[in-house]
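One-letter residues, chain by chain:
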Amino acid sequence: MVSTLFVIAPLTAHAQSISTSTCATPRSSFNLSAGIAQSDRVDQTASPLQFGGRGPDVSATYERTRGTFCFSATGRGGIKTLTPTNGIPSRERLIDAELGITGLRTVSASANGHRAIAIGANLHTQYAFTTHHFPDVEQSTSEFRFGAMSLGPAVRWRESIRGGNAVLQLSSPLFSLVEHPYASVADGRAGPRLAFTSVNALRGLQGSISYEWAATRRMSILTKYQAGWMRYDDIRPVRSLTQTFGIGITTSLGGARR
Amino acid sequence: MKRYQRLVAIAAAALSACTSPELVAPMDSTNNAQIFDALWKEFDVHYSFFEAKGINWDSVGAIFRPQAIAAPNDAALARTLSHMLAGLRDRHVSLAPAGLTRSIAYLTTADSGVAPFDPGLVDRRYLTGAKCSQGGHVCYGLASPTVGYVRIPTFEGTGWVGELDEALASLRGAVSLIVDVRNNPGGTQQTAIEAAGRFATSSETYAYAKFRNGPKHSDFTSLAPQIVSPAGPTQFRGRVIVLTNRKVYSSGEDFVLATRVFPNVTTMGDTTAGASGRPMTRELPNGWTFQLSTWVQYTADRKFFENIGLAPDVYVAAERSDIVRGADPILDRALATLGVTKP
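What you see is a predicted model; the values in this text were computed from it and never measured. (Residues numbered from 1 in each chain as written. Chains lettered and ligands numbered in written order. Predicted model: local features only at pLDDT ≥ 70, side-chain atom pairs only at ≥ 80, totals over all residues. Heavy atoms only, no water.)

> What's the story with the overall build of chain B in this structure? I'm lost.
Check the secondary structure of chain B and you find 12 helices and 14 strands. Judged by the C-alpha coordinates and their principal axes, chain B covers about 90 × 60 × 40 Å. Of the contacts formed within chain B by residues at least 6 apart in sequence, a portion of 73% connects residues at least 24 apart. Approximately 14,600 Å² of chain B is accessible, and the part contributed by carbon and sulfur atoms is 53%. Within chain B, the 31 negative side-chain charges are centred at a point lying 3 Å from the centre of the 33 positive side-chain charges. (Helix = DSSP H or I, 4+ residues; strand = E, 2+ residues; numbered from the N terminus. Contact = heavy atoms within 4.5 Å. Areas by Shrake-Rupley, 256 points an atom, 1.4 Å probe, with all protein chains shown as cover. Lys, Arg positive; Asp, Glu negative; His and termini not counted. Charge placed at Lys NZ, Arg CZ, Asp CG, Glu CD.)

> What am I meant to see in the sheet that holds strand 14 (residues 314–315) of chain B here?
To summarise the sheet geometry, strands pair through backbone hydrogen bonds and adopt either a parallel or an antiparallel arrangement. Residue and element names in this part refer to chain B. Taken in spatial order, the 7 strands line up as 3-4-5-6-9-10-14 in an open sheet, and their pairing is mixed. Single-partner strands in this sheet number two, and they are strand 3 (128–132) and strand 14. Pairing geometry for strand 3 and strand 4 (residues 139–144), over 3 bridges, is antiparallel. In the strand pairing of strand 4, Cys 132 is matched with Cys 139. Against the sheet, helix 7 (residues 119–126) contacts strand 3, strand 4 and strand 5 (147–151), and its axis sits at roughly 160° relative to strand 5. (Pairing = 2+ DSSP bridges. Axes fitted to C-alpha atoms, helices over the stretch in contact; angles between N-to-C directions.)

> When you look at the state of the cysteines in this model, what are you seeing that I'm missing?
Any covalent bond linking the sulfur atoms of two cysteines counts as a disulfide. All names here are of chain B. All told, the structure shown has 1 disulfide over all chains when counted by the stated rule. Between the sulfur atoms of Cys 132 and its disulfide partner Cys 139 the distance amounts to 2.0 Å. Around the S-S axis, the bridge from Cys 132 to Cys 139 shows a dihedral of about 90° and counts as right-handed. Cys 132 gets classed as partly exposed once you look at its relative accessible area, which sits at 40%. Classification of Cys 139 by relative accessible area gives buried; the value is 7%. (Disulfide = S-S within 2.5 Å. Buried < 20%, exposed > 50% of the residue type's maximum accessible area, 1.4 Å probe, protein only.)

> Would you mind showing me how to read the pairing of strand 11 (residues 279–283) of chain B here?
All names here are of chain B. Along strand 11, 4 of the 5 residues are buried, which leaves the element largely enclosed by surrounding structure. Here 5 bridges tie strand 11 to strand 12 (residues 289–293), and the two strands are oriented antiparallel to one another. Paired with Thr 281 across the strands is Gln 291, a residue of strand 12. The antiparallel hairpin formed by strand 11 and strand 12 contains 5 residues in its connecting segment, where Gly 287 sits at a positive phi of about 90°.

Take a look at the structure:
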């Protein structure tokens, strides 16, 4: 009887974690992914034209669940070569990175644990460093940067599908601290230029949809599509859309996946 | 295995579907109005001399925009834009239409004329052992056993100031030095200040500058000091005469500013061009590029010198006819000041 109770109790606890958690079913997990990103952007500090291009991208995510609360930290970065969409012979080398820290609380979950919805907040930091190559005879280059740290609401929906987990997460900035120098940053031409803004000036949407299924007891395979759109209304406006598709491995930390 | 096959298919579809959406209204590389507006706007938010030169940029735009729109081809458009930019009277403003190997720039009278300066004459008539450094950035020789001569034709590029050290080492016996930067069109400010550091006896403020940093024509950073410090393995501490003329521009003027703050340095010759600018390159929707000035620079005693120039400590008149008859009056005066009789 006692042994039966011992067997039942952990199962019950595990069932509880499945039914309430919108993160991965282990208490904590780490994911490493690699893929390709498409970046489209306009930064009028560099050029009035829209630039677009693709390049390799890597991301890492740490998630931890505690009761109905879920915490995740996601970092992403990549290097891309961008060209103008109207075909003139200039180009940009973009190095960009993002870090998102999300805290969520499950607000709705199905009894069988196959579906859960959580809401919370997201602290999102992004940084873009651009080397712009002009189409002049001297092949001049200039360097520009853009950074923003934003805080806003986040929502996550998770559903078990065909033995795996599909997760959709959305977040949007409400308040942001932006660093956008007025001109190129080489040789001290333009120092830091900080601005605290709200949705009036900086609007954005970060979204991801992923599907994960177990490969072994402790590891699973994750496919993820991530997109981030931003519109910053400055004297030198910035518009950007980054789309990433990646495949990775998730390892459970401190507990096997069932 | 089927799941993995689905995964590959999804990945392929996702990658091919990641096309470039329009984030802003596309710019037409053949639309003269868009090209003009882009050029006018970039100057409006970045050009540094509107207030200092008393230019009403709105009025300038109103005059030239209809002409630009009516331009029937690229050559006519380039002419119109150049005429508009010529009104800025700025040696650092230029327009480079695609397909041209040289850009269209504002020229002063001094730019168009031939300066009364001939490096070949100096080497032939005034120097013994005249030679140039291995990289060709510095030419030097002895004007007398105790007076050395160093000529720096340009400050383009970086990483070559060691050639100046080579020249100074060769002129080890000289107790006085003539540094000739006549006809130096400038180049890289960092290089000019590194070179000036070879004559610096201490760290000194040689100029002040402020950058345009906002949409209003009066938006600038605060005035920041520009410092020259001793640089290189050794610094020349004897008497130095720096030769200048009307064709010393930009970083050439930085060198003059940075050397003349030292008590052992005298500038001699003619006033420099007065072209400080600190240009920035930008591009237009049709692939043309242009440059515009982004800062306002002042002397160490906070005097504005754009389009005015840096007057020498000792003015020496010189004409092209002097060079033709085999004399260099500015160099003659420098040598006389240092106690060397004419060759």
